[in-house]
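# Residue-level structure breakdown
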Amino acid sequence: MRTLKIEPLTQAAFAPFGDVIESQGRDFFLINNGSTRRYHQLASVQTSAPEDQAIISIFVAQGLPMPLTVCMLERHPLGSQAFMPLLGHPFLILVAPPGDTPDPQQARAFRSDGRQGVNYHRGVWHHPILALQAQDEFLVVDRRGAGDNCDEYFFDETQRLLLDPNQA
Ligand SMILES: NC(=O)N[C@@H](O)C(=O)O
Ligand code: NI
């Protein structure tokens, strides 16, 4: 079983999968009479139909036992999905490029420093939220609308991956 190398989350490395939502090192302009920096449009919400809505939710996520044997990935073909940590804790991101099924050989893992969020683009395969705390909270911005917007794919035993946050 392949152990995923956990990479630092950077805009460039994550670009094939979506956007990194962060202020560190990013452009901004001043608003509110100079008292506020606006880090403008770090990501956009992708939807599919005119009547679709972008909605905002909070996920209170339980951390899964680690190391984790990764048995499945999911995707949202009709819209993007963004996660922003609310409590400043690092969390893990596991993604694979869009395609009819996820290619486990192309799966990649990243670690957010707790001040970074991600916006999965439409159709990008990803693991459900991977908190590293016993419980953690995330602001989630994604698409609400008609149709089935969550495809799950379960790996066979030969395709499964190992995710170990304590990897050397
Ligand atoms: N199902 C759901 O809303 N959450 C997942 O999409 C996820 O990525 O955590
Ligand atoms: Ni999802």
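Residues numbered from 1 in each chain as written. Chains lettered and ligands numbered in written order. Predicted model: local features only at pLDDT ≥ 70, side-chain atom pairs only at ≥ 80, totals over all residues. Heavy atoms only, no water.

Looking at an unreviewed UniProt entry, one finds the chain named Ureidoglycolate lyase, with Phytopseudomonas dryadis as its source organism. UniProt lists a comment for the chain under the heading Pathway (unreviewed entry), and it reads "Nitrogen metabolism; (S)-allantoin degradation." In its Function (unreviewed entry) section, the UniProt entry covering the chain states "Catalyzes the catabolism of the allantoin degradation intermediate (S)-ureidoglycolate, generating urea and glyoxylate. Involved in the utilization of allantoin as nitrogen source." (UniProt positions renumbered as here; feature names shortened; annotations may be inferred.)

Turning to the site of ligand 1, a few remarks are in order. Surveying the vicinity of ligand 1 reveals the residues Phe 59, Glu 74, His 76, Gln 81, Phe 83, His 126, Pro 128 and Ile 129. The contact in question runs from an oxygen atom of ligand 1 to an N or O atom on the side chain of Glu 74, over 2.5 Å. A distance of 2.8 Å is found between an oxygen atom of ligand 1 and a side-chain nitrogen or oxygen belonging to His 76. Summarising the interface, the protein chains cover 73% of the accessible area of ligand 1, which totals 270 Å² for the free molecule. The residue makeup of the shell around ligand 1, split by class, is four nonpolar, three polar and one charged. (Near = heavy atom within 4 Å. Polar contact = N/O pair within 3.5 Å; in protein donor to acceptor, adjacent residues only side chain to side chain. Areas by Shrake-Rupley, 256 points an atom, 1.4 Å probe, with all protein chains shown as cover. Nonpolar A, V, L, I, M, F, W, Y, C, P; charged D, E, K, R; others polar.)

This part is about the coordination of the nickel ion (ligand 2). With distances of 2.0 to 2.2 Å, the protein atoms coordinating the nickel ion (ligand 2) are Glu 74 (OE), His 76 (NE2), Gln 81 (OE1) and His 126 (NE2). Every donor counted, the six donor atoms about the nickel ion (ligand 2) form angles of 72 to 172 degrees at the centre, which fits octahedral coordination. When the donors of the nickel ion (ligand 2) are listed by position in the chain, the intervening gaps give E-x1-H-x4-Q-x44-H. For the pair Glu 74 and Gln 81, a shared accessibility class is recorded, and that class is buried. (Donors = N, O, S within 2.8 Å, 3.2 Å for Na, K, Ca; no water. Tetrahedral: all angles 85-135°; square planar, octahedral: opposite > 155°, others 65-115°. Buried < 20%, exposed > 50% of the residue type's maximum accessible area, 1.4 Å probe, protein only.)

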